[in-house]
Each structure stands twice: as structure tokens, then as C-alpha cells.
Amino acid sequence: MTSVVLKDIRKSFGSFEVIKGIDLTVETGEFCVFVGPSGCGKSTLLRMISGLETSSSGQIVIDGEDVTHAEPSKRGVAMVFQSYALYPHLTVRENIGFGLSLAGRPKSEIAEKVEKTAESLQLTHLLDRKPKALSGGQRQRVAIGRAIIRNPKVFLFDEPLSNLDAALRSQMRMELTDLHAKLGATMIYVTHDQVEAMTMADKIVVLNAGRIEQVGPPMDLYNNPVSPFVAGFIGSPK
Ligand code: ADP
Ligand code: MG
């Protein structure tokens, strides 16, 4: 079953076309990684899938439903950012539960779901702290918790680990892989880190200046890159 379908998606800022016609299908439960150089349009594409940005033309279908013009909250997606985007004045508990509070869910339900989410991310002992009293890795876990609690069909990650040091990055990589296996949700993950792409992806999408250069499983791209550009990104010898 298909989860996210992009049909000839384009985006211009003024007269500058940033996304130049993207066609892509992501299957349900797939871990799909977008790679490409800085400025090639990865974040813009992710923001259009989430609805934070509107596309100039084309169609976006999520779980069989045309969401091209739908509000972000109506798309069944949750986004996790590099900068965590936590509320500094709220506790971990309040940050994780924020979306459900906003949606007017009953307090008891929120409390229960926050506990469960925190437990799955080893955050239980930190629930009453503010973000400034957390490490980078803990903050990123809170940001992930805030996404999980909404039970989205699709998770969108924009370079979530790039602010972490190497050791923590490799630990979080494993945690995210476990989380993906446990939830079975579709994940679209932007990174410029080859190791993340090669180890986490079911499918890699190589972007270059607003176009898809190549799509495929990591080893296909590694063994048969269509261009030196792809070879350069995937680290294969060609
Ligand atoms: P990436 O995430 O791959 O580094 P982005 O999607 O952030 O790339 O940006 C792609 C291009 O679009 C860049 O040239 C960037 O400057 C431009 N861009 C992104 N957002 C805007 C905006 N709101 N207004 C004008 N230009 C933008
Ligand atoms: Mg970006």
C-alpha cells in the first residue's frame, strides 16, 4: 500500500524554482531517506508534505487522500526538526502533551499517553524538567515523543541528529531504527549523513538542485549509481 505519493511537485520562491517536478511514491511502513547537498530543496520538500509550505503546483496524496490543500493538522503527519523546537517555558511532560492539549483531549488521557510515551523513550525521570536542563540527545527524544504521541501515519524528520555528537548520533540512529520497527509507521528522513542514509534507509532518494537524481535501496545506489553525483553522495567507488 502506498503511504505518500508526490505527483509533479514544484515550488518557486519568487522567480526562483527550488523544486522542479518531483514524482515519488513512498510505501506504507517504508523508511525513506532524502539526501542531497545543502540548498537542493530537501527541507522545502518535507515542509510541503507536512503542509507547512504550499506547493506551487502538483499533487500530494497521503494514505489515498489528496491532501495538497489540507491543513497540516489534517494530514496525519508529524515533523521532527533539527532544532527540536521545544517550548522552553514548558516541562518535558507539557512539551510531549502539548499537541493533545491543543486538540482539547481530556487531561487523564493526556497524562496516560505522556507517561507511556516517556517510558518508551526513557524520559520518565525527566518529565518535570525544562528543556534547558536536558542534554541534546534528551531534547531530541522529547521532540520525537511529541511526534509519537499524536500517532501519525507518517513521520517527517529534518536532519534530526545533526546537532548531536558522533557517539550520541550513532546511539540515536539505533533507537530510531528500533522505533521504526516497533511502530511500523512510514518515515521520511532528511539527512546529509551518508552513514545514516546507508544504514537506516529502505529506500534512498538522491536530490540534486530540486530534482530526483536517483531512487532505490541503498545497495542498488551503491553498486549502480547513475552518475558521479550519486556515487559521490553514496560513497561508492564509481
Ligand atoms: P536544503 O534543506 O536541501 O538545504 P532548502 O529546502 O532549505 O534546502 O532550500 C532550498 C532552496 O530554497 C535554497 O536555495 C533556499 O535558499 C531556498 N528557500 C528555502 N525557503 C525559502 C523561502 N521561504 N524563501 C526564499 N527562498 C527559500
Ligand atoms: Mg534543510
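Residues numbered from 1 in each chain as written. Chains lettered and ligands numbered in written order. Predicted model: local features only at pLDDT ≥ 70, side-chain atom pairs only at ≥ 80, totals over all residues.

By the naming in an unreviewed UniProt entry, the protein chain is Sugar ABC transporter ATP-binding protein, taken from Rhizobium wuzhouense. Database annotation for the protein chain, UniProt heading Sequence similarities (unreviewed entry): "Belongs to the ABC transporter superfamily." In its Subcellular location (unreviewed entry) section, the UniProt entry covering the protein chain states "Cell inner membrane". (UniProt positions renumbered as here; feature names shortened; annotations may be inferred.)

*Asks:* Tell me about the UniProt feature "domain: ABC transporter" (unreviewed entry) in the protein chain, residues and numbers included.
*Replies:* Feature annotation in UniProt assigns "domain: ABC transporter" (unreviewed entry) to the following positions: residues 4-234. Annotated as 37% helix and 27% strand, the span residues 4-234 places its first and last C-alpha atoms 24 Å apart. (Helix = DSSP H or I, 4+ residues; strand = E, 2+ residues; numbered from the N terminus.)

*Asks:* Describe helix H4 (residues 136-148), listing the residues and the values that go with them.
*Replies:* For H4, spanning 13 residues, the distance from its first C-alpha to its last is 18 Å, which sits close to the expected 18 Å at 1.5 Å a residue. Here the buried face of H4 lies against strand S6 (77-81), helix H2 (92-102), helix H3 (107-120), strand S7 (154-158) and helix H5 (166-183). (Expected span 1.5 Å × (residues − 1). Contact = placed C-beta atoms within 7 Å.)

*Asks:* Break down the confidence of the model for the protein chain for me, citing the residues and quoting the values.
*Replies:* Summing up the model confidence of the protein chain, the mean pLDDT is 93 and the portion of residues at 70 or higher is 99%. For this predicted complex, the interface confidence reaches an ipTM of 0.98, while the overall pTM sits at 0.93. (pLDDT = per-residue confidence, 0-100.)

*Asks:* Report on the sheet that holds strand S8 (residues 186-190), specifying residues and quantitative values.
*Replies:* In space, the 6 strands of this open sheet follow the order S6-S7-S8-S3-S9-S10, with mixed pairing throughout. The sheet is open, and its two edges are formed by S6 and strand S10 (211-216), each paired on a single side. Direction aside, the axes of adjacent strands within the sheet are offset by 15° on average. As paired strands, strand S3 (residues 31-35) and S8 are joined by 4 bridges and run parallel to one another. Its bridge partner lying in S8, Cys32 is registered against Ile188. (Pairing = 2+ DSSP bridges. Axes fitted to C-alpha atoms, helices over the stretch in contact; angles between N-to-C directions.)

*Asks:* I'd like to hear about the pairing of S10, residue by residue, with values.
*Replies:* Sheet analysis places strand S9 (residues 203-208) next to S10, joined by 5 bridges and oriented antiparallel. The residue bridging Ile204 from the neighbouring strand is Gly216, located in S10. Once S9 ends, the chain turns through 2 residues before running back antiparallel as S10, passing Ala209 with a positive phi of about 50°.

*Asks:* Account for the site of ligand 1, with residues named and values stated.
*Replies:* Surveying the vicinity of ligand 1 reveals the residues Phe13, Val18, Gly36, Ser38, Gly39, Cys40, Gly41, Lys42, Ser43 and Thr44. If one sorts the elements of the shell around ligand 1 by residue count, helix H1 (residues 42-50) sits on top with 3 residues. Here the residues of the shell around ligand 1 sort into 3 nonpolar, 6 polar and 1 charged. (Near = placed C-beta within 6 Å. Nonpolar A, V, L, I, M, F, W, Y, C, P; charged D, E, K, R; others polar.)

*Asks:* Tell me about unusual backbone geometry, residues and numbers included.
*Replies:* Here the phi dihedral of Asn151 falls at roughly 50°; this positive angle occurs in a residue that is not glycine. One can find Asn151 in the loop between H4 and S7. Note on Asn151: 12 C-beta atoms within 10 Å, which makes it exposed. Unusually for a residue other than glycine, Ala209 sits at a positive phi of about 50°. By the secondary structure assignment, Ala209 is in the loop between S9 and S10. (Buried ≥ 20, exposed ≤ 12 C-beta atoms within 10 Å, placed from the backbone.)

*Asks:* Before we move on, can you summarise the nonpolar core with the specific residues and values?
*Replies:* Side chains of a nonpolar character, in soluble globular proteins, are inclined to be buried together. Counting residues in each nonpolar core, the largest one holds 61 residues, and the members touching the most others are Cys32, Val33, Ile49, Phe155, Leu156, Ile188 and Tyr189. With near-sequence residues (within four places) excluded, Ile188 lies in contact with Val4, Val26, Cys32, Phe34, Leu46, Ile49, Val154 and Leu156. (Core = buried A, V, L, I, M, F, W, Y, C linked by C-beta atoms within 7 Å.)

*Asks:* Break down the pairing of S6 for me, with residues and values.
*Replies:* If a strand is regular, its side chains alternate between the two faces of the sheet. When you tally the buried positions in S6, you get 4 out of 5 residues, the bulk of the element. Where S6 lies against S7, 5 bridges are found, and the strand directions are parallel. Bridging from a neighbouring strand, Phe81 pairs with Asp158 of S7.

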